[in-house]
Structure formats: C-alpha cells, structure tokens
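Summary of structural features
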Amino acid sequence: MAILVTGGAGYIGSHTCVELLNAGYEIVVVDNLATSSSESLRRVRELSGKDFKFYQIDLLNREDLEIVFKQNKIEAVIHFAGLKAVGESVRLPLRYYHNNITGTLVLCELMQEYGVKRIVFSSSATVYGISEHVPISEDAPLGATNAYGRTKLMIEEIMQDMYVSDPIWSIAILRYFNPIGAHSSGRIGEDPNGIPNNLMPYITQVAAGGLKELQIYGNDYPTLDGTGVRDYIHVVDLAQGHLKALEKVMSTTGVEAYNLGTGQGYSVVEMVAAFERVTGRRIPYKMTDRRPGDIGICYSNPTKAERELGWIAEKGIDEMCLDAWRWQSNNPHGFQEEDNLLVESNIS
Ligand code: NAD
Ligand code: WQD
C-alpha cells in the first residue's frame, strides 16, 4: 500500500516526501513539473536512501492519472499539486481555477472510483482573507481576496460536500501560514521561478548578491515597527504536520481543517534582523508603499493541530533563516546544476 503524493516535486511536497520515506511509508509521486524540477526528487532519493515511483503526469489528464490508480495500491493521498502565485492568479484566473479546481476534481473522482477516501489537502491561511482578529482560529470567518485564494476556498467547500455525500471520506484540510526554510542538509529547498514574490527567497537572493536590495512593502501597518507581521513556519515542521494529519485520516472519518503555524508573528524588519544576525550577511532594504492586497497582521492559533493531531512546530526563526541561507548558498541556481547552466550558456 502506498501514499500518493501529488505535487511531490515542489517545495513543500519534496520535504514531505523525505519525511514520509524516513518514517517508512511507501510513496508514489505525481507531478507535471510545471513549477518544479525532477532534480528535487533525485535529491529526495539521495536524502532518504529510498526509491519510489514517479509519474510525470498532469492531474488534468484523467486517463494518465487513472494509470497511477490502476498500477498501484493507493491507501491515501497527500494533495499538494497546484499553482500558487497570487499575482499571477489575478492576471490568469481561468488558468488557476482550471488547474487547481479541475485538477482536484479529477483526482477526487478517481479516488472515489478506486475506493481511496483519505486525503490530506494543502490549503492556506489565505482563506481567512482580511481577518479582524489574531491569532486566527479555524472557525474564523473565511473569505479570499484573490483568485488563488478562492481556488483554495472552493476546494475546501468541495471537500466538505464530498464528506456530506459519503461519510466514509476522511479529509484533513491543512491551512499553512508562511512556510520558509529548507532541509538542514541544504540539498532541497524553495526554488522560485524568476524574481521571488515571497519574503524569504527574496532575502536570500539579496544576501547572495543576485538582487540589489529588499523592498519592504509598507511601514505604516499597526504593528510594532509598522511592517507586516506573519507566522513563518519551518518547512520541515510543516512536512511533519502532514505525517500527523495522515495518521489522523487513516484512523478516522470526517472532514477537519487545521492551522499549521507556530502561533508567533514576526515583522518584516524582525525577519531581516534575524537573518542578518544568524548568517552574518547584510540585507540592504528600502521602505516602499504597501503591496496591494496585503494585510497587516496574520498569525495562527495552532492549538487545534496540537490537540487533535499531536503536532506542534518546533523550529524557531533562527533555524528557518539559517536553513534557508544554507540552501541558497549551496544552490545559487536552485535545482539547475552549474554544469547545465554552463552548457546552456555555451549553446546560446
Ligand atoms: P510548488 O509550486 O513548489 O509545488 C506545487 C507542485 O505542484 C509543483 O511541483 C507543480 O509542478 C505541481 N503541479 C501544479 N499543477 C499541477 C497539475 N495540474 N498536475 C500535476 N502537478 C501539478 O508549491 P509549494 O510551495 O510546494 O506548495 C504546495 C501546495 O501548498 C500548493 O497547493 C500551494 O497552493 C499550497 N500552499 C503553499 C504555500 C507556500 O507559501 N508555499 C502556502 C500555503 C499553501
Ligand atoms: C510576507 C511579508 C509582505 C516580499 C503569501 C500568499 C499566501 C501564502 C503565503 C500560498 C508581507 C512582506 C514580501 C518583499 C516585503 N501562499 N514582503 N517585501 O503575502 O504573507 O503570503 O505567501 O498560499 O497566500 O499571499 O507572504 O512572503 O509574500 O510576504 O516586504 O519583497 O513580507 O508585505 O508583510 P504573504 P510573503
């Protein structure tokens, strides 16, 4: 029996695959490599010392995906596959709705057909929209502010309906706060395409010299230093949360949402200071206007996950910064090997 991991070549997926393999699970990975590289999976094999099947398949292709269910005995699914760039989702909403929602529908239809009714789904704190109160609990009002966020909200609702129609389903909806950091080996990590949208990969690229300076989006929020506050969570803690959620869906039925965060908020300026302190690198920055759509303060109440999953985030921001920097400095071009880059530049 195997765990199907969709989007397993991506940032959070690859870290979760390592934890699953280390814990003795058999896994099967499906990914179309739209925003990732198979090199991450090669390194997952290297880190875990274990092999697994990988299908380069688009979830939108039902026939291809069915082959995975035919060829493997799947007992549960961890569903990471999706597009996640907020700005892009505003420009290309149909692409996001089609990829994220239709992809999930095709997956869940096949799960139903093959009697696989256990799923752990990657949702996001973005489903809380502009929340009035912090810390944010799972029963806070929901409401997304962009197309990406609405795909997550709609998928959550679809999953609620699946459970209502058939109470054999067992569904864990994981609402991640701000995942950062990397595996402590420095072999896998976040590899954004182009200029990063998110804070930590931007900081690490400034530290490496690839980007000149960080722009801090707004210093007039009602926070300690005026800059935005978020709940940053180490990606390995997050990956371990998936194993706990998996144990839960294996042992019960139902549909439950869980916040995965630390419960602790840090401002942009605090993150820059922590990064500088633990890495010894300087991060030049300038204050600019607020980024449209941003909120001031967002951090979780993670006690439901602790109570019901037995999970708690253990790693602090120093470790998050150090691990993110180790990954960046060991892999200046992400998963693209230096040799490949040299070959490419010789060709052009
Ligand atoms: P990622 O882009 O690194 O990984 C997503 C993976 O899904 C990629 O490998 C991509 O190739 C694959 N994929 C996308 N569409 C697919 C399709 N139609 N068929 C097959 N594979 C497909 O992103 P990540 O940061 O690892 O995020 C994983 C999940 O967690 C996503 O669903 C994302 O929305 C969610 N999430 C991420 C964050 C974050 O800040 N990273 C926060 C909250 C939620
Ligand atoms: C963090 C803080 C910025 C970049 C996004 C998505 C969310 C979720 C996680 C998927 C904010 C500030 C950032 C920069 C800055 N993803 N910042 N300069 O916006 O909390 O959440 O990623 O589900 O849906 O919206 O994360 O890392 O972009 O920003 O000052 O160059 O850093 O304003 O306060 P965010 P982020």
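Here, every reference points to the structure presented above.
Residues numbered from 1 in each chain as written. Chains lettered and ligands numbered in written order. Predicted model: local features only at pLDDT ≥ 70, side-chain atom pairs only at ≥ 80, totals over all residues. Heavy atoms only, no water.

**What to know about the pairing of strand β11 (residues 254–260)**
Condition: Throughout, exposure labels follow a simple rule: accessible area from a 1.4 Å probe, protein chains only, divided by the maximum for the residue type, with under 20% read as buried, over 50% as exposed, and the rest as partly exposed. Strands are runs of DSSP state E lasting at least two residues, helices are runs of H or I lasting at least four, and both sets are numbered from the N terminus onward. Here, a strand pair is defined by DSSP locating no fewer than two bridges between the strands.
Within β11, six of the seven residues are buried, which leaves it mostly tucked inside the rest of the structure. Relative to β11, strand β6 (residues 170–176) is paired through seven bridges, and the arrangement is parallel. Each bridged residue has a counterpart across the sheet, and for Tyr 176 the counterpart in β11 is Leu 260.

**Observations concerning the site of ligand 1**
To keep it simple, the criterion reads: Think of it this way: one heavy atom of a residue within 4 Å of a molecule or strand is enough to make that residue near it. In the analysis that follows, any N or O atom pair within 3.5 Å is treated as a polar contact, provided that within protein one partner can donate a hydrogen and the other can accept it, and provided that, for residues neighboring in sequence, both atoms belong to side chains. Accessibility throughout is a Shrake-Rupley quantity obtained with a 1.4 Å probe, and a residue counts as covered only by protein chains that appear here. Each residue is assigned to one class: nonpolar for Ala, Val, Leu, Ile, Met, Phe, Trp, Tyr, Cys and Pro, charged for Asp, Glu, Lys and Arg, and polar for all the others, Gly among them.
Around ligand 1 sit 26 residues, and of these Asp 31, Ser 36, Phe 80, Lys 84 and Tyr 148 come closest. Measuring from an oxygen atom of ligand 1, one finds a side-chain N or O atom of Tyr 148 at 2.6 Å. About the coverage of ligand 1: the protein hides 94% of its 820 Å² of free accessible area. Secondary-structure elements contributing two or more residues to the shell around ligand 1 are α1 (11–22), β5 (118–124) and α6 (147–165). Tallying contributions element by element places β5 first for the shell around ligand 1, with three residues. In terms of residue class, the shell around ligand 1 is made up of twelve nonpolar, ten polar and four charged.

**What about the packing of aromatic side chains?**
Let me state the cut-off plainly: When two rings of Phe, Tyr or Trp (its six-membered ring) have centres within 6.5 Å they constitute a pair, described as stacked for plane angles under 30 degrees, edge-to-face for angles over 60, and tilted for the intermediate range. Here, a charge over a ring is recorded when the distance from Lys NZ or Arg CZ to the ring centre is within 6 Å and its angle to the ring normal is within 35 degrees.
Counted by the stated rule, this structure contains four aromatic pairs. Seen from their ring centres, Phe 275 and Trp 325 are 6.0 Å apart, and the 80° between their planes marks the pair as edge-to-face. Of this pair, Phe 275 sits in helix α9 (residues 268–279) while Trp 325 sits in helix α11 (residues 317–330), placing them 50 residues apart in sequence. Its relative accessible area of 0% is what places Phe 275 among the buried residues. Among the residues examined, Trp 325 registers a relative accessible area of 12% and is labelled buried. Sitting over the ring of Phe 52, Arg 45 keeps its end group 4.2 Å from the ring centre. Across from the ring centre of Tyr 258, 4.9 Å away, lies the NZ or CZ of Lys 304, which sits over that ring.

**So, the site of ligand 2**
Around ligand 2, 18 residues are found, and the nearest of them are Ser 124, Tyr 148, Gln 215, Arg 230 and Asp 294. Within the side chain of Asn 178, an N or O atom sits 3.0 Å from an oxygen atom of ligand 2. One of the side-chain N or O atoms of Arg 291 is found 2.8 Å from an oxygen atom in ligand 2. For ligand 2, the protein covers 87% of the area, taking 690 Å² as the surface of the free molecule.

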